[in-house]
Amino acid sequence: MQTQKGSLRQEQSSSVTAHGRYGRPASLLVALVALLMLPGSVAVDPSFEHLRLFAFNNYGDSSYIIVAELKFFDESGDPIATPCTPAPASCTASSEDSSYYPASKAFDGSTSIFWWTAQYAVTDQWLQISFQQPVIISTFSITPSSNTYQRPKDFKLQGSSVASPSPDKDSSDWVTLR
């Protein structure tokens, strides 16, 4: 399995960072503020209680989208803990193939068992983690399954601090980070 490193900016680079709130160089603060500015609005707080991977499709397999591991890293490059319990922390998904392949498997630190969407659910699927307190992420990585056709192809990473964000892909509850 090859891990895909994500960027929080739309660039060709395999790993570009947008740093968090504390202890970062001013130039990175400017980059993050520019990244999170919406036309005619103020900057969005870069900390989020909820993060989700929204996959529009996979690489052509008609059966599943599969993610072995989704990791988030802070500005020091250290992994951010992704516990799915206790409440209010949770791991949810738009669909799950079975209780053996739940959303929590994408956050458990193991790449041996995965999150699978429901069979034939290969468009507009999301995987979400809700944290006990807001987190600031710098980078992320996706480890897909060994079947390259079932990994997410076109996707966006989104953050929200709304108490119960809408699952809709176009909801204003979400800020697109990548």
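About the thresholds
Residues numbered from 1 in each chain as written. Predicted model: local features only at pLDDT ≥ 70, side-chain atom pairs only at ≥ 80, totals over all residues. Heavy atoms only, no water. Helix = DSSP H or I, 4+ residues; strand = E, 2+ residues; numbered from the N terminus. Buried < 20%, exposed > 50% of the residue type's maximum accessible area, 1.4 Å probe, protein only. Contact = heavy atoms within 4.5 Å. Core = buried A, V, L, I, M, F, W, Y, C linked by side-chain atoms within 4.5 Å. Pairing = 2+ DSSP bridges. pLDDT = per-residue confidence, 0-100.

S.K.: I'd like a description of the environment of A87, backed by residues and values.
M.R.: Here A87 is to be found in the loop between β3 (66–73) and β4 (90–93). On the basis of relative accessible area, A87 is assigned to the exposed category, the value being 70%. Sequence separation of A87 and F131 is 44 residues, and the distance between their C-alpha atoms is 8.6 Å.

S.K.: Before we move on, could you go through the environment of P167 and cite the residues and values that matter?
M.R.: Relative to the assigned elements, P167 resides in the loop between β8 (155–160) and β9 (175–176). You can call P167 partly exposed: its relative accessible area is 47%. Between the C-alpha atom of P167 and that of W126, which follows or precedes it by 41 residues, the distance is 8.2 Å. Here P167 is in contact with R52, F54 and W126, once residues within four sequence places are set aside.

S.K.: Explain the nonpolar core to me, using residue names and the numbers behind them.
M.R.: Ranked by size, the top nonpolar core spans 25 residues in total, and within it L51, V67, L70, F72, F107, L127 and I137 carry the most contacts. Elements that contribute at least two residues to this core include exactly β2 (48–55), β3, β4, β6 (125–135), β7 (139–144) and β8. Sort the elements by how many residues they give to this core and β6 lands first, with 4 residues. Apart from residues no more than four positions distant in its own chain, F72 is found in contact with L51, D78, P79, I80, T82, F107, I129, F131, I137, T139, F140 and L157. In this structure, I66, A68, F114 and W116 belong to the second largest nonpolar core, which totals 5 residues.

S.K.: For the pairing of β8, give the residues involved together with the corresponding values.
M.R.: Remark: a regular strand shows side chains that alternate across the two faces of the sheet. With 6 of 6 residues buried, β8 lies mostly within the body of the structure. Residue alternation in β8 divides its side chains into two sets, F155, L157 and G159 and K156, Q158 and S160, and both sets are buried. Taken together, the 6 bridges between β2 and β8 define a ladder with antiparallel strand orientation. Each residue of the ladder has a partner; that of L53, found in β8, is L157. The pairing of β8 with β9 spans 2 bridges and is antiparallel. Note that in β9 the partner of G159 across the bridge is V175.

S.K.: Can you lay out the sheet that holds β6 for me, pointing to particular residues and giving the numbers?
M.R.: Spatially, the 5 strands line up as an open sheet ordered β4-β6-β2-β8-β9, and their pairing is antiparallel. Looking at strand neighbours, the two that pair on one side only are β4 and β9, the edges of this open sheet.

S.K.: I'd love a proper account of the confidence of the model for the protein, names of residues and values included.
M.R.: Averaged over every residue, the pLDDT of the protein is 80; residues scoring 70 or more account for 75%. The least confident element of the protein, judged by mean pLDDT, is helix α1 (residues 26–35) at 33; the most confident is β4 at 97. When the criterion is pLDDT under 50, residues 9–44 qualifies, and its contacts beyond four places in sequence or with other chains add up to 53 contacts.

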